[in-house]
Amino acid sequence: MPGGRLTQQERQQIALGLADGLAYAEIARRLDRPTSTITREVMRNGGPTAYRADLAHRATERRAHRRKRAAPRESQESAQPYGRDAEAVREYEERFTTVVMASGMPLMMSRVLSCLTLTDSGSLTAPELAQRLQVSPASISKAIAFLESQGMVRRERDERRRERYIVDDDIWYQSMMVSARATAQLVETARQGVGVLGPGTPAAIRMENVARFLDFVSEGIARAAEQARDILHTTSGATSDPTATAVPGGPAEPGSGRA
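Residues numbered from 1 in each chain as written. Predicted model: local features only at pLDDT ≥ 70, side-chain atom pairs only at ≥ 80, totals over all residues. Heavy atoms only, no water.

Draft legend 1. View of the overall build of the protein chain. When helices and strands are counted, the protein chain shows 10 helices and three strands. Shown N-terminal to C-terminal, the secondary structure of the protein chain runs as helices and strands in the order α-α-α-α-α-α-β-α-α-β-β-α-α. For the protein chain, the residues scored as buried account for 32% of the 259 residues in total. Across the protein chain, contacts joining residues at least 24 apart in sequence account for 55% of those joining residues at least 6 apart. Of the roughly 16300 Å² that the protein chain leaves accessible, carbon and sulfur atoms contribute 55%. (Helix = DSSP H or I, 4+ residues; strand = E, 2+ residues; numbered from the N terminus. Buried < 20%, exposed > 50% of the residue type's maximum accessible area, 1.4 Å probe, protein only. Contact = heavy atoms within 4.5 Å. Areas by Shrake-Rupley, 256 points an atom, 1.4 Å probe, with all protein chains shown as cover.)

Written out as structure tokens, the structure is:
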């Protein structure tokens, strides 16, 4: 299996495969590459409907150039906490970002959310985000505005009066509940179609079955999210950092009725 970065020719083959409606796994098989490599390449460069081989290749070259310029500064920075491998962390952050993008979130918003989520503190300032992601402050501002509108981040002033952006512990719960509510609305609309199409007709039966299926799924998602919500606030019983402090807004006591 070939290693290293994708070549321009391989990117052209990816574009052709997408145009032919091939699955990522099939494109990967033809190129003798891991499916994850193809998925990450496509999602990082516009998604399956907007992927362009030449643009993707130039974007990759720009990212590589930025990393080379940043290397001297990074070499002077302190080591990763907890003995982490800096390169492994960067690669994992890219994979995590790709998965978030696959859920429908735009690229920059996905990068900012991933960056915040994978920090131990769960919070960063705008300059810190801009430096870590090597983007402009305007890009950070736009991404934060979107994430804040979705309830995924919140703003706080620290002791130095700097504005910090914080990943709320409940973002995954809120995301599940938004999905459940959207599905419930689809259920209601599908059931309205039964009356319009005429009970007992093939189309009406199909819509009724769709409604029943989605109703079951929606209810299951909401119930599971409620039951598992406290997991998001669980702290490890043992930590390698004796100075670690509790995360603000930590676990609620049973029966506290967290909203």
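That shown, we press on.
Draft legend 2. Seen up close, the side chain of R33. Counting through the fold element by element, R33 comes out in the loop between helix 2 (24-31) and helix 3 (35-44). Of note is the side chain of R33, whose polar atom sits 3.0 Å from the side chain of E10. (Polar contact = N/O pair within 3.5 Å; in protein donor to acceptor, adjacent residues only side chain to side chain.)

Draft legend 3. Focus on the packing of aromatic side chains. Enumeration over the complete set of coordinates arrives at two aromatic pairs. Look at Y92 and F96: their rings are 6.2 Å apart centre to centre, the planes differ by 40°, and that puts the pair in the tilted class. Pair noted here: Y92 and F96 are both in helix 5 (residues 86-102), with a separation of four residues, about one helical turn. Ring centres 6.5 Å apart and planes at 90° place the aromatic pair F96 and W172 in the edge-to-face group. One end of the pair, F96, is in helix 5; the other, W172, is in helix 9 (residues 171-197), and 76 residues separate them in sequence. What makes W172 partly exposed here is its relative accessible area of 37%. Here a set of aromatic residues connected by ring pairs shows up, and it is made of Y92, F96 and W172. The ring centre of Y173 lies 3.9 Å from the NZ or CZ of R229, which sits over that ring. (Phe/Tyr/Trp six-rings, centres within 6.5 Å; stacked < 30°, edge-to-face > 60°. Lys NZ or Arg CZ within 6 Å of the ring centre and 35° of its normal.)

Draft legend 4. Region of interest: helix 10 (residues 202-228). Relative to the 39 Å expected for 27 residues at 1.5 Å per residue, helix 10 spans 39 Å between its end C-alpha atoms, a close match to the ideal helical length. Buried within helix 10 are the following residues: A204, A211, L214, S218, A222 and A225. Turning to helix 10, the residues buried within the fold contact helix 9. (Expected span 1.5 Å × (residues − 1).)

Draft legend 5. Molecular detail of unusual backbone geometry. Unlike most non-glycine residues, D32 shows phi in positive territory, near 55°. As for its position among the elements, D32 is in the loop between helix 2 and helix 3. Assessed through its relative accessible area of 39%, D32 is described here as partly exposed. Of note, the phi angle at Q134 is positive, near 55°, even though the residue is not glycine. Position of Q134 among the secondary structure elements: in the loop between helix 7 (126-133) and helix 8 (137-149). Classification of Q134 as partly exposed rests on a relative accessible area of 32%.

Draft legend 6. Structural context of helix 8. Between its terminal C-alpha atoms helix 8 stretches 18 Å, which fits the 18 Å expected from 13 residues at 1.5 Å a residue. Buried within helix 8 we find I140, A143, I144 and L147. Projection of helix 8 onto a plane perpendicular to its axis shows the buried side chains occupying an angular sector of 100°, all on one side. Exposed residues on helix 8 whose side chains face more than 90 degrees from its buried face are A138, K142 and S149. Residues of helix 8 that are buried make contact with helix 6 (107-117), helix 7, strand 2 (153-157) and strand 3 (163-167). In the segment just after helix 8, G151 is the residue with positive phi, at about 75°. (Arc of directions from axis to C-beta.)

Draft legend 7. Expanded view of the pattern of salt bridges. Within the structure shown, the criterion is met by 15 salt bridges. Among the ionic pairs, R90 bridges to E87, the shortest N-O distance being 2.8 Å. Pair noted here: R90 and E87 are both in helix 5, with a separation of three residues, about one helical turn. Between R154 and D168 there is a salt bridge, with the nearest N and O atoms lying 3.9 Å from each other. Of this pair, R154 sits in strand 2 while D168 is found in the loop between strand 3 and helix 9, placing the two residues 14 residues apart along the sequence. Through salt bridges that share partners, E26, R29 and R30 make up one connected network. (Salt bridge = Lys/Arg side-chain N within 4 Å of Asp/Glu carboxyl O.)

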